[in-house]
Amino acid sequence: MAVNPMQSLTLGPIIYHWKPEERLDFYARIADEAPVDTVYLGEVICSKRTPYFEKDYPDIIERLERGGKKVVLSSLSEVVLKRERDMLAAICETEGHEIEINNTAGLLDVAARPHRVGPLMNIYNEETMRYLTSKGATHFSLPVELPATVVSEMAKAAKGLDVGLEVQVFGRASLAVSARCYHARAHCRTKDNCQFVCEEDPDGMPLKTVTGQSFLTINGIQTLSHSYINLIEEVADMPAMGVTHFRLMPQRVDMVEVAKVFADRLEARIDTAEAKARLDGLSMPAPFSNGFWHGQQGRRQFGPKVA
């Protein structure tokens, strides 16, 4: 792979409701062209979507692994119904692949089996990390709102615990999940009779203020940022902090090219200016932001010298 073992580039799970054929095409291209080491696969937002693409998992996994990618199975972020508990239990019983847990209910099913902890689990401090490590966690993907100062301290703890530490460096920020589906309500439908309206917004549904300014993005039960997190100016400094993995979240943009830019920057084949220019040239449908990393408003974009 393009990134060395201490600087592993990963691709998070698709959080939107893409059509089955779009998912197959997307993962085929990722398998063949994207310089990512690990791909997270699974439905993390809405259990109702799963039947649309679950049958394709074996083919997707085979294609990704044939392309040299490690596949990690991601679980739901919200577990309420019996079918969701059953789905979670089934994923945790799967052999041959690591599991990423995104809801505390999964800790019961995964028991002491080695597993990863996803960003929707909201691990904010070293003590929680130590406790979960004692229960079998081997890897932590941190919440997007943590600033660099906190990530640095958690990275020190992760190194002492000998666990992986992952930071999202590209893609919309997940801000909240709800028991209700805002996407359905916005179209005067109920969650049980949503008619999968979220499929109409493959990069999320824009939410604007009363004055027409883009504000947030809705994805079923999930509230996302309008902007795309972009830490291309900061990513090269993260390995020295102790960050071991760098997550790209799938968006409706050229994710292969995004992965190439981040891989080239991590390997110091290009400088920050060139990396920024290449990303700017991709005609992103939303502005970039890095405010959370700098301890500021998450929606804002700051230069690399801002503390």
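For the structure itself, look to the data block above.
Summarised in this report is the structure supplied together with it. (Residues numbered from 1 in each chain as written. Predicted model: local features only at pLDDT ≥ 70, side-chain atom pairs only at ≥ 80, totals over all residues. Heavy atoms only, no water.)

As a further point, take helix 9 (residues 255-266). Two residues of an α-helix separated by three or four positions point the same way, owing to the 3.6 residues in each turn. Helix length check: helix 9 (twelve residues) gives 16 Å between terminal C-alpha atoms against 16 Å at 1.5 Å per residue, within 8%. Across the twelve residues of helix 9, ten count as buried, placing the element largely inside the fold. Taken as a whole, helix 9 has its buried residues at M255, V256, V258, A259, V261, F262, A263, D264, R265 and L266. Looking at the packing, one finds that the buried side of helix 9 touches strand 1 (8-11), helix 1 (20-33), strand 7 (164-177), strand 10 (222-230), strand 11 (245-248) and helix 10 (272-280). The N-cap residue of helix 9 is D254: its side-chain oxygen and the backbone nitrogen of V256 are 3.3 Å apart. Where helix 9 ends, the next residue or the one after it, A268, has phi of about 60°, a positive value. (Helix = DSSP H or I, 4+ residues; strand = E, 2+ residues; numbered from the N terminus. Expected span 1.5 Å × (residues − 1). Buried < 20%, exposed > 50% of the residue type's maximum accessible area, 1.4 Å probe, protein only. Contact = heavy atoms within 4.5 Å. Polar contact = N/O pair within 3.5 Å; in protein donor to acceptor, adjacent residues only side chain to side chain.)

A contiguous patch of negative charge on the surface is contributed by E21, D25, E199 and E200. Mapped onto the secondary structure, E199 falls in the loop between helix 7 (182-186) and strand 8 (205-208). (Patch = residues over 30% accessible without salt bridge, like charges linked within 9 Å, V, L, I, M, F, W, Y side chains within 5 Å. Areas by Shrake-Rupley, 256 points an atom, 1.4 Å probe, with all protein chains shown as cover. Salt bridge = Lys/Arg side-chain N within 4 Å of Asp/Glu carboxyl O. Lys, Arg positive; Asp, Glu negative; His and termini not counted. Charge placed at Lys NZ, Arg CZ, Asp CG, Glu CD.)

What follows concerns the packing of aromatic side chains. Per the counting criterion, the structure on display carries six aromatic pairs. An angle of 75° between the planes, with centres 5.2 Å apart, marks the rings of F26 and Y27 as edge-to-face. Y27 shares its class with F26; the two are buried. Between the aromatic rings of Y52 and F196, the centroid separation amounts to 4.8 Å while the plane-to-plane angle is 70°, which identifies the pairing as edge-to-face. Of this pair, Y52 sits in the loop between strand 2 (38-41) and helix 2 (57-66) while F196 sits in the loop between helix 7 and strand 8, and the two are 144 residues apart along the sequence. Y52 gets classed as partly exposed once you look at its relative accessible area, which sits at 34%. Members of the aromatic cluster, joined through ring pairs, are W18, F26 and Y27. Against the face of F196 rests K48, its NZ or CZ located 5.3 Å from the ring centre. (Phe/Tyr/Trp six-rings, centres within 6.5 Å; stacked < 30°, edge-to-face > 60°. Lys NZ or Arg CZ within 6 Å of the ring centre and 35° of its normal.)

Any functional reading would require information beyond the geometric quantities listed.
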